[in-house]
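Observations on chain architecture
For reference, the chains in residue letters:
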Amino acid sequence: MKSGHWPLVRFDPRQAETGANPYKLDSAPPSVPIQAFMESETRFAMLKHSHSDAAQRFLAQAQAEAARRFLDEGARLVVAGLPGDVPALDGARVVPCDARDPAEVERLFADAAASLGGLDVLCCNAGIFPEGRLADLDAAAVDAVLGVNLRGTILSVVAALPALRESGRGRIVVTSS
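These lines cover the structure that appears in this document, whether it is placed above or below. (Residues numbered from 1 in each chain as written. Predicted model: local features only at pLDDT ≥ 70, side-chain atom pairs only at ≥ 80, totals over all residues. Heavy atoms only, no water.)

With respect to the overall build of the chain
For the chain, the helix and strand inventory stands at 6 helices and 6 strands. In the chain, the order of α-helices and β-strands from amino to carboxyl end is β-α-β-α-α-α-β-β-α-β-α-β. Counting across all 177 residues of the chain, residues that qualify as buried make up 27%. Partitioning the intrachain contacts of the chain with sequence separation of at least 6 by distance along the chain shows that 47% fall at a separation of at least 24. In the form shown here, the chain has an accessible surface area of approximately 11,700 Å², with 57% of it arising from carbon and sulfur atoms. (Helix = DSSP H or I, 4+ residues; strand = E, 2+ residues; numbered from the N terminus. Buried < 20%, exposed > 50% of the residue type's maximum accessible area, 1.4 Å probe, protein only. Contact = heavy atoms within 4.5 Å. Areas by Shrake-Rupley, 256 points an atom, 1.4 Å probe, with all protein chains shown as cover.)

Some details on the packing of aromatic side chains
In total, this model carries 0 aromatic pairs according to the counting rule given. The ring of Phe58 carries Arg57 above its face, with NZ or CZ at 5.4 Å from the centroid. (Phe/Tyr/Trp six-rings, centres within 6.5 Å; stacked < 30°, edge-to-face > 60°. Lys NZ or Arg CZ within 6 Å of the ring centre and 35° of its normal.)

So, the pattern of salt bridges
This model, assessed by the stated rule, comprises 4 salt bridges. A salt bridge links Arg93 to Asp111; the nearest nitrogen and oxygen atoms lie 2.5 Å apart. With Arg93 in strand 4 (residues 92-96) and Asp111 in helix 5 (residues 102-116), this residue pair connects regions lying 18 residues apart in the sequence. For the salt bridge of Arg100 with Asp98, the shortest nitrogen-to-oxygen distance reads 2.9 Å. Using a relative accessible area of 31% as the deciding quantity, one classes Arg100 as partly exposed. (Salt bridge = Lys/Arg side-chain N within 4 Å of Asp/Glu carboxyl O.)

Quick word on the pairing of strand 5 (residues 121-124)
On strand 5, burial follows the alternation: Leu122 and Cys124 on one face are buried, whereas Val121 and Cys123 on the facing-out side are not. Where strand 5 meets strand 6 (residues 171-174), 4 bridges bridge the pair, whose relative direction is parallel. Its bridge partner being in strand 6, Val121 is matched across the sheet by Arg171. In this fold, the crossover linking strand 5 to strand 6 by way of helix 6 (residues 139-167) has right-handed handedness. (Pairing = 2+ DSSP bridges. Right-handed = clockwise from strand over helix to strand, strands pointing away.)

Observations regarding the nonpolar core
Val105, Leu108, Phe109, Leu119, Leu122, Ala160 and Leu164 are the most contacted members of the largest nonpolar core, which totals 16 residues. If you list the elements that add at least two residues to this core, you get helix 5, strand 5 and helix 6. If near-sequence neighbours (up to four positions away) are discounted, Leu108 is found in contact with Val78, Ala80, Val95 and Cys97. Counting residues in hydrophobic clusters, the runner-up holds 7 residues, among them Phe37, Phe44, Ala55 and Ala62. (Core = buried A, V, L, I, M, F, W, Y, C linked by side-chain atoms within 4.5 Å.)

Quick word on helix 6
Taking 1.5 Å as the rise per residue, helix 6 with 29 residues should run 42 Å; its terminal C-alpha atoms sit 40 Å apart, in good agreement. Leu161 marks the point of greatest bend in helix 6, at about 45°, and the proline Pro162 comes within the next four residues. All of the buried residues along helix 6 are Ala141, Val145, Gly147, Val148, Gly152, Thr153, Ser156, Val157, Ala159, Ala160, Ala163 and Leu164. Summarising the contacts, the buried residues of helix 6 are in contact with helix 5, strand 5 and strand 6. Among the residues trailing helix 6, Gly168 stands out with phi positive, at a value near 80°. (Expected span 1.5 Å × (residues − 1). Bend = angle between axes of the 7 residues up to and from the residue.)

So, the environment of Ala75
Counting through the fold element by element, Ala75 comes out in the loop between helix 4 (52-72) and strand 3 (77-81). Note: C-alpha distance between Ala75 and Gly91 (16 residues apart in sequence) is 9.4 Å.

Topic: the packing of helix 5 against helix 6
Look at helix 5 against helix 6: their axes get within 9 Å of each other, and the N-to-C directions meet at 35°. Read as a crossing pair, helix 5 and helix 6 show a hand that is right-handed. Contacts from Pro102, Val105, Glu106, Phe109 and Ala113 of helix 5 reach helix 6 at Arg151, Leu155, Ser156, Ala159, Ala160 and Ala163. Residue composition of the contact of helix 5 with helix 6, by class: 8 nonpolar, 1 polar and 2 charged. (Axes fitted to C-alpha atoms, helices over the stretch in contact; angles between N-to-C directions. Left-handed = near helix turned anticlockwise from the far one by under 90°. Nonpolar A, V, L, I, M, F, W, Y, C, P; charged D, E, K, R; others polar.)

Let's talk about helix 5
Every α-helix carries 3.6 residues per turn, so stepping three or four residues along brings you back to the same face. Look at helix 5: 21 Å from first C-alpha to last across 15 residues, which is about the 21 Å you get at 1.5 Å a residue. Every buried residue belonging to helix 5 is among Val105, Leu108, Phe109, Ala112, Ala113 and Leu116, and all of these are buried. Down the axis of helix 5, the sector holding all buried residues measures 120°, keeping them to one side. Exposed side chains of helix 5 directed beyond 90 degrees from the buried face belong to Arg107 and Ala114. Here the buried face of helix 5 lies against strand 3, strand 4, strand 5 and helix 6. Where helix 5 begins, the capping side chain belongs to Asp101, and its oxygen is found 2.9 Å from the backbone nitrogen of Ala103. A positive phi of about 80° marks Gly117, the residue just after helix 5. (Arc of directions from axis to C-beta. Polar contact = N/O pair within 3.5 Å; in protein donor to acceptor, adjacent residues only side chain to side chain.)

Okay, here's the thing in structure tokens:
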């Protein structure tokens, strides 16, 4: 699948005979954020419309699974988000952070670089959009969307740049929907 969100796993019995993990992830990395992919799926859109809480719970589970795939391949992760919005994930460090707050973002990246021994990749995927129609949004809702989706992205990239440059191989992936 082009999006990369349907994992392909290959089984190699020779690996099992040596005691190694016989399963190997053999999928291309996702080409679109999982939220955009799921929202393009009719069944998820219908679920979101009829049972918004369940849809958000399923989306959080899918995002956690995407992070799990990186961990399974040996990546060391720091996952950040608003308190209560990021599920615990074994093997990843989960850090509460409001992407709109420059001090919190600076602290997040300084701590991540120190605890991981540097940064190689920033996947910037923060984004919100209130329920309802665009025409019904008030100024506070627009400010919240721009604060997280635009300001938070810029603050994150700026805060991560020194450690990414220092690594000599830093990469930035910014997604939106």
